[in-house]
Amino acid sequence: MAECVHCGQDCGKNPVIFDEKPFCCNGCSLVYQILSEKKLNQYYEMMPTPGIRLDQENSAGTRYAYLDQEEIGSKLLDFSDGGISRVKLFIPAIHCSSCIWLLENLHTLHPGIMHSHVNFVRKEVSITFRNGEISLRQLVELLHTIHYIPDISYKSDVKDTHQKANRRMIMKIGVAGFAFGNIMLLSFPDYLPGGEAIDLLMSSTFGYVSFLLALPVITYCSSDFFLSAFKSLRKKIINIDLPLSIGILALFLESSYEIFSGSGTGYMDSLAGLLFFMLIGRWYQNRTYQSLSFDRDYRSYFPIAVTMLRDGIEEFVQLQDVKTGDVILVRNGELIPVDSLMLEGEGSIDYSFVTGESIPVGKKSGDFVFAGGKQTGAAIKLQVVKEVAQSYLTQLWNEDRLGEHSDRDMQTVVNKVSHYFTIVILIIATSAFLYWSFIDLGKAVYVFASILIVACPCALALTIPFTFGNVMRIFGRNGFYIKNTGVIEHLTKADTVVFDKTGTLTHARTMNVTWEGEELSEYETRLIRSIARNSTHPLSVILSEWLPVSSLLTVENYREIAGMGIVGHVDNQLVMLGSRKFVAGNQLSDESRISSVYISIDNKLKGYFRLENSYRDGLEAVISGFSEFQQHLVSGDNDAERENLIKVFRSGDALHFNQSPVEKLEFVKSLKNQGRNVIMIGDGLNDAGALLKADIGITIADDIYHFSPACDAILKSSEFGRLHDFIDFSRLSLRVVYAGYSISFLYNIVGLTFAVQGLLSPVVAAILMPLSSISVVAFASLSVSLLAKGKRLTA
């Protein structure tokens, strides 16, 4: 019989033929046609028969008509503004790399779909689409057409989902434990001297009762193992549950044969015992994963603070302290952290962080503003209408649409090793079974089951997630917030570091400021302070805090030109603030080498502010800590600090001044073209492109906690002097990973040695299997904690 090219099922006597290929139904044939027309045939090349069969009676029809109702659709959408919407859907059918590839290429199936991102673990896909070109209903129907049917009723309440899963697991453990205890009592005579003298009728009765007690164990308790193995076989994949399932079945069938033939008492006690201990191991593994996930979701987030207005006074508060009804101030370039209503100002919201679309959406007083947007004009006042968990912002950060980093090579290798590991174990188990079958068939089944159960790549697969997961947790507790565990691997490979100067090597809030030029009136200082407070650039922040406190004036037509300055109309007067070239249109050849900010009011040059840099504490320690790295400094400022910085960097060739944002980007790109692994450290303002292009982009967060979506990590400014400690710690954690691999391989070698010789019972094997995972998790956690203490990091 021919197999369906799409889903792998039997096509029967009359297959549907398309393009000379057999399909089991018209639905599978239709999906194949759609993918072929859109040149998405790679879907079938990544994994054979990756698709899911759709029952014909479940066609979409009017099934999703209710999604046309605005009230229902709005509840499902995470975001909808400016003609662009974003929705997150739970799709149970996601099961392999082909699924991920196809769902992340939905934009090729319909031009209205902008992009999509799959969370494989949660089986969720986040889709951003233009609702003028494709409606939510049409989007869901498209997914239905290609056999990825969303579960619209799914509620992403992770806590409830975990509780239900844990409850089911505990029920299975309880049933297996009950059966194990009672079967052990019935099998007790077999383990005592003289047990063979027991009455034959009683022995048979004990065997039958053991068989009945084992039935719920084999049908209910082991169902997850069988189901997982069956699904993998349908997809022509070999996973770890396949050998476990074979071992369980072999023990059950051999024991049943011995009980009903009267040739022995079987191994029902071993069967119930191994399921009991294996389920405990799975429960522990799931609980540990959930704990690590919770730690990631709620404790290790990057810090975000907002400017709250209380009685006209600006005050920085943490995001978690923001409540519904609070009034916040959002400056140019700042992220809007909560769903809000516009109260004052002209909103020009860039939602590229949410949707990938960078065209700003205009907002006026009374308009609704979604969290995740970035204000690109003058400062605006917003009233909080919905408290948003940081999980939403961090999820957006993790999707990494802005930049494409390479896959985690180590995890890819581990996945391949785990795949072939299972095949090798099946070969070893089969060979041992054939050998022992010539000696003792019962013993052969015993050995066969022991080998399949004791050998497990789980410990190997757990090494990276738990080691790097703990490193990530420790980083967060010490003020270094990273996007995901893949950042750690990139940190270990880095060999070049590029620093920005202003706001990175220098304090963003403490500089000596003096005025050079004609005397400014009180009114003119109000004009300057009113426009300066709209910018998050370090020099603008310093000026707005240095100038006398006064009532602020409304700024209109505000613009900020990266690397140049800011301009806007304040009280109907044109005010410009920035470099001399930007403000005056020329640059003096003998211009002072001290950092300066020029001021122009109504096209009349008033003078400039002289700002003397104050370098961060621990700067020399940071630079010396990177002594093995190739070091560079790229700055948009002039070379006023060259002599001071030569003393720190010990080389003038590493210093690059008067660099525009584009030149910073090109500099990082040239380093990467030379094969360097680059860390870029900046403030996320004029160097966002360079941060994005580098292998690792790190921003320095001062008191205002300015967040740049372009970065891979955020370092609290108070921890700047320990930056090299974090990178050294990443490299040490890599040794823990290798040690974990060694423990896993050693465990399997020793376990297989005893199992092949028939010296290891399936029950002991079932106890050892979760112990291997527990030992690796414990080793990773303990080792990382001890190394953290050695680096004076809070664990």
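No experiment lies behind these values; they were computed from the predicted model shown.

## Overview of the overall build of the protein chain
When helices and strands are tallied, the protein chain shows 25 helices and 28 strands. Counting every position in the protein chain, which comprises 795 residues, the buried fraction comes to 53%. A fraction of 68% describes how many contacts in the protein chain between residues 6 or more apart in sequence connect residues 24 or more apart. Taken as a whole, the protein chain presents about 35200 Å² of accessible surface, with 55% of it coming from carbon and sulfur.

## What to know about the nonpolar core
Ranked by internal contacts, the top residues of the largest apolar core, which has 53 residues, are I248, M268, L271 and I451. Contributing elements (two or more residues each) for this core: α6 (158–187), α7 (200–221), α8 (223–234), α9 (241–261), α10 (268–298), α13 (409–437), α14 (441–454) and α24 (723–756). With 10 residues, the top contributor of residues to this core is α14. Residues A494, V622, I679 and V737 belong to the second largest nonpolar core, which totals 45 residues.

## Some words on the sheet that holds strand β4 (residues 84–90)
Strand order in this open sheet of four strands is β3-β4-β6-β5, and the pairing throughout is antiparallel. Looking at the sheet topology across the chains shown, the edges are occupied by β3 (77–81) and β5 (113–119). Between one strand axis and the next, the sheet turns by 15° as a mean value, whatever way the strands run. Judged from the four bridges that link them, β3 and β4 form a sheet pairing that is antiparallel. If you follow S80 over to β4, its bridge partner there is S85.

## Structural notes on unusual backbone geometry
At N557, a residue that is not glycine, the phi angle is positive and equals roughly 55°. Within the fold, N557 resides in strand β19 (residues 555–561).

The rules behind each value
- Residues numbered from 1 in each chain as written.
- Predicted model: local features only at pLDDT ≥ 70, side-chain atom pairs only at ≥ 80, totals over all residues.
- Heavy atoms only, no water.
- Helix = DSSP H or I, 4+ residues; strand = E, 2+ residues; numbered from the N terminus.
- Buried < 20%, exposed > 50% of the residue type's maximum accessible area, 1.4 Å probe, protein only.
- Contact = heavy atoms within 4.5 Å.
- Areas by Shrake-Rupley, 256 points an atom, 1.4 Å probe, with all protein chains shown as cover.
- Core = buried A, V, L, I, M, F, W, Y, C linked by side-chain atoms within 4.5 Å.
- Pairing = 2+ DSSP bridges.
- Axes fitted to C-alpha atoms, helices over the stretch in contact; angles between N-to-C directions.

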